[in-house]
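# Fold and geometry: a report
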Amino acid sequence: MEKDGRPNWDSPMQFVLACVSYAVGLGNVWRFPYLCQLHGGGGFLIPYLIMLLLEGLPLFCMELAIGQKMRLGSIGAWTSISPYLGGLGLASVVTSLYLCLYYNVINAWSFWYLFHSFQECEVATPTQYFFYRETLNISSSIEEHGGIHTGQALCLVLAWAITYLFIVRGVKSTGKVVYFTATFPYLVLFIYLIRGVTLHGAINGLKYMFTPKMAELANPRAWINAATQIFFSLGLGFGSLIAFDQAIIVSLINSGTSIFASIVTFAIYGFKATLNYEDCLDRMRILLLNTFDLAEDAISMDSVLEWIEKLNTTYPEQFAQIADKVREGECNLEKELDTAVEGTGLAFIVYSEAIKNMPLPQLWSVLYFFMLLLLGMGSMLGNVTAIITPLRDFKIMSRMSNELFSGLVCVFCLLLGLGFTTTSGNYWFTIFNDYTATFSLLLIVLIEVIAVSYIYGIKRFEKDIEDMLGHRPNWYWKIMWAVTSPLLLIGLFIFYIISYIQGGTPTYQAWNKELGESVVMEYPVFGQVIIVLLLVSSVSCVPLTALYAFCRKRKERAYEKRPSPVSTVSV
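Given the structure is predicted, the values throughout are model-derived calculations rather than measurements. (Residues numbered from 1 in each chain as written. Predicted model: local features only at pLDDT ≥ 70, side-chain atom pairs only at ≥ 80, totals over all residues. Heavy atoms only, no water.)

Turning our attention to the overall build of the protein. Assigned secondary structure in the protein consists of 26 helices and two strands. Taking all 571 residues of the protein together, 54% fall into the buried category. In the structure as shown, the protein presents an accessible area of about 25,700 Å², 63% of it carried by carbon and sulfur atoms. (Helix = DSSP H or I, 4+ residues; strand = E, 2+ residues; numbered from the N terminus. Buried < 20%, exposed > 50% of the residue type's maximum accessible area, 1.4 Å probe, protein only. Areas by Shrake-Rupley, 256 points an atom, 1.4 Å probe, with all protein chains shown as cover.)

Shown next as structure tokens:
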């Protein structure tokens, strides 16, 4: 990009690796596997792949084509298409800012796990105790406020310091770093794949993943989750594609990585579920042996369920004494596999429980959490770029040195992000994770595709692509941009609003210290107000900027119509 003085990439490979490093992140490791599990294993893959073809690829190509044509950040690119669309770029910057605030907190947790070992607790598993009590020092609800967790705050400072060092020289330093950040996670995932499929019970997890519950195809939530997962993982609507100028192959690499990471995840998850199932069977076996005074080898692990039915039929009165214990501790492998753990729970609790049951757990722990750290840092490069690049298009920002401006952005995000290191910080983290992006991304991407297709014009857009690639896009792309993608996005947007209104008071998972488990609680009024503000704060940039552009244009026209003063010369 010589014409505007922006640095270029040293090589095409460096550029592709930067794109992969941004697009492939934590969402591939924990969000996609969770959604896959939530919607019936392989049944989620069907709407995901359909939405990839109908939404992901067309919109991905649209944003990268805009980036190649405009050579500007998101704000400048959309303003050049129409002064009324500048708010789209601003909305993308606000959404990326929200993402940066809490995304680096996950990197701070990864640092924390690298620096510490697990501890025991009586009322919770060691991994639960370490995550909720040591890592988060979590309060019992969002209404219980406390001080900053010093250790977590220091880890967050370290995370932002490394992010700054990675991005301080812009493309040049980013290009050097991505050779490592883009490739090492694949090496670790491949090692985990080999280790995972050899674990006892791994096949149960893989069967669960690839055995679809076809009824989920009729669930609208499965389709909207598939679409939003694509938006999150590809970075659609964040403005980073416009900044990065990415290639279409990245979208295929991203989706392939999600499925690959899910295979690894479900193999390990199958191992964990099988261990829990067999522990349950062993408890039932001991209970039956002690209650009915049977020989030690009378009941095997494989025959526990048969013996329960047999003893219940043969000795009903004696069995009635332990019926409640049998009912409470019912052993069911499918139930263990159905226990969905979202986001940080899957990445930091479930994986940790699996790791501690492996040989050489310290080695597997270091590899896994270092991989999470690299995935998070790789994505942070793109997230911060999505803020810095469009803001640098403003004259006042362009006068600052890159080091100073990048430092100010990082310090600003760090100071705001310290709120997530308080005792109630994880509940605010959940709010940001659930509500800052989905609604805004749906609306941003919808307006983008309408703006390109009907304001900028499909014919004009085709010509731009021909100028860049030497040929016009085929009928598939034109149909997707003009008809299919807008209609699908409108449907998803309407469904999201309806589901939010009909869903009642928003709830969250609060950690109960006495029970050693999470309980469902409703958000207080102030929490609901914050949710609404987060939902509208980014999307409101679109109409407000359009209104500002309209008033400014109207004022300019009124000034032009004013008659020029006529000077008279008296004789």
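For the structure on display, the rule yields 32 aromatic pairs. When the ring of tryptophan 109 is compared with that of phenylalanine 131, the centres are 5.7 Å apart and the planes differ by 85°; the resulting orientation is edge-to-face. You can see tryptophan 109 sitting in helix α5 (residues 86-115) and its partner phenylalanine 131 sitting in helix α6 (residues 126-135), a full 22 residues away along the chain. Side by side, tryptophan 109 and phenylalanine 131 carry an identical accessibility label, which is buried. Summarising the aromatic geometry, the rings of tyrosine 132 and tryptophan 511 are spaced 4.0 Å apart at their centres and angled 10° between planes, so their arrangement reads as stacked. You can see tyrosine 132 sitting in helix α6 and its partner tryptophan 511 sitting in strand β1 (residues 507-512), a full 379 residues away along the chain. Each of the two residues, tyrosine 132 as well as tryptophan 511, counts as buried. Between lysine 310 and the ring centre of tryptophan 307, over which it is positioned, the NZ or CZ distance is 4.5 Å. (Phe/Tyr/Trp six-rings, centres within 6.5 Å; stacked < 30°, edge-to-face > 60°. Lys NZ or Arg CZ within 6 Å of the ring centre and 35° of its normal.)

Glancing now at a nonpolar patch on the surface. Taken together, Ile450, Tyr454, Trp475, Ile479, Val483, Leu487, Ile490, Ile494 and Ile498 make up a surface patch of nonpolar side chains, about 870 Å² in accessible area. Among the structural elements, valine 483 can be located in helix α24 (residues 475-502). (Patch = residues over 30% accessible without salt bridge, like charges linked within 9 Å, V, L, I, M, F, W, Y side chains within 5 Å. Salt bridge = Lys/Arg side-chain N within 4 Å of Asp/Glu carboxyl O.)

Now for the pairing of strand β2 (residues 517-522). In this structure, β1 lies alongside β2, joined through six bridges in antiparallel fashion. Paired with asparagine 512 across the strands is glutamate 517, a residue of β2. (Pairing = 2+ DSSP bridges.)

Between the first and last C-alpha of helix α23 (residues 438-469) there are merely 33 Å, a value that for 32 residues lags more than 12% behind the 46 Å anticipated at 1.5 Å per step. Along α23, the helix axis deviates most sharply at glycine 457, where the bend reaches about 95°. At the C-terminal side of α23, glycine 470 shows a positive phi close to 90°. (Expected span 1.5 Å × (residues − 1). Bend = angle between axes of the 7 residues up to and from the residue.)

Overall, the coordinates contain one disulfide when judged by the stated rule. The disulfide partner of cysteine 280 is cysteine 331, and the gap between their sulfur atoms is 2.0 Å. Measuring the twist about the S-S bond at about -90°, one finds the cysteine 280-cysteine 331 disulfide to be left-handed. One end of the pair, cysteine 280, is in helix α13 (residues 249-292); the other, cysteine 331, is in the loop between α16 (323-328) and α17 (333-338), with 51 residues separating them in the sequence. Of the residues examined, cysteine 331 reaches a relative accessible area of 11% and is grouped as buried. Unpaired in this structure, cysteine 100 has its nearest cysteine sulfur neighbour in cysteine 413, at a distance of 5.2 Å. Its relative accessible area of 0% is what places cysteine 100 among the buried residues. (Disulfide = S-S within 2.5 Å.)

With that settled, consider the pattern of salt bridges. All chains considered together, the criterion is met by five salt bridges. In this structure, aspartate 282 and arginine 285 form a salt bridge, with 3.8 Å as the shortest nitrogen-oxygen distance. Note that aspartate 282 and arginine 285 are positioned in helix α13 at a spacing of three residues, about one turn of the helix. With relative accessibility at 14%, the residue arginine 285 sits in the buried group. In this structure, the salt-bridge partner of lysine 463 is aspartate 467, at a minimum N-O distance of 2.9 Å. Taken together, the residues span about one helical turn, with lysine 463 and aspartate 467 both in helix α23 at a distance of four residues.

Counting through the fold element by element, aspartate 464 comes out in helix α23. For the pair aspartate 464 and isoleucine 66, spaced 398 residues apart in sequence, the C-alpha separation works out to 8.9 Å. When sequence neighbours within four positions are dropped, the list of residues in contact with aspartate 464 reads Lys69 and Tyr456. (Contact = heavy atoms within 4.5 Å.)

Turning next to helix α11 (residues 220-234). With 15 residues, α11 should cover 21 Å at 1.5 Å per step; its first-to-last C-alpha distance of 21 Å lies within 8% of that length. Buried residues dominate α11, accounting for twelve of its 15 residues. Along α11, the positions that sit buried rather than exposed are Ala222, Ile224, Asn225, Ala226, Ala227, Thr228, Gln229, Ile230, Phe231, Phe232, Ser233 and Leu234. Sitting at the head of α11, asparagine 219 places a side-chain oxygen 3.0 Å from the backbone nitrogen of arginine 221. Directly beyond the C-terminal end of α11, a positive phi value near 80° is found at glycine 235. (Polar contact = N/O pair within 3.5 Å; in protein donor to acceptor, adjacent residues only side chain to side chain.)

Of note, asparagine 137 is a non-glycine position whose phi angle comes to about 45°, a positive value. Relative to the helices and strands, asparagine 137 resides in the loop between α6 and α7 (150-167). Exposure remark for asparagine 137: the relative accessible area of 32% places this residue in the partly exposed category.

Relative to the helices and strands, isoleucine 465 is located in helix α23. The sequence separation of isoleucine 465 and methionine 62 amounts to 403 residues, and the corresponding C-alpha distance is 9.7 Å. If we ignore the near neighbours within four places in the chain, the residues touching isoleucine 465 are Ala65, Gly470, His471, Pro473 and Trp481.

Moving on to the nonpolar core. Grouped together as the largest cluster of nonpolar side chains are 152 residues, with contacts concentrated most on Trp160, Tyr192, Phe348, Tyr368 and Phe461. The element that contributes the greatest number of residues to this core is α5, accounting for 17 residues. Non-local contacts of phenylalanine 348, meaning those with residues more than four positions away in its chain, are made with Ile106, Trp109, Ser110, Tyr113, Phe131, Phe369 and Leu372. Within the second largest apolar cluster, 17 residues are counted, among which are Leu287, Phe319, Ile322 and Cys331. (Core = buried A, V, L, I, M, F, W, Y, C linked by side-chain atoms within 4.5 Å.)

Relative to each other, α11 and α23 sit at 80°, their axes nearing to 10 Å. It follows from the interaxial angle that α11 and α23 lie roughly perpendicular. Counting all contacts with α11, which are made through Ile224, Thr228, Phe231 and Phe232, the residues of α23 involved are Thr438, Leu441, Leu442 and Val445. When the residues that make up the contact of α11 with α23 are grouped by side-chain class, the tally is six nonpolar, two polar and no charged. (Axes fitted to C-alpha atoms, helices over the stretch in contact; angles between N-to-C directions. Parallel < 35°, antiparallel > 145°, perpendicular 65-115°, else oblique. Nonpolar A, V, L, I, M, F, W, Y, C, P; charged D, E, K, R; others polar.)

This part takes up the side chain of threonine 545. Tracing the sequence through the fold places threonine 545 in helix α26 (residues 541-561). Here threonine 545 is in contact with Gly86, Gly87 and Leu90, once residues within four sequence places are set aside.

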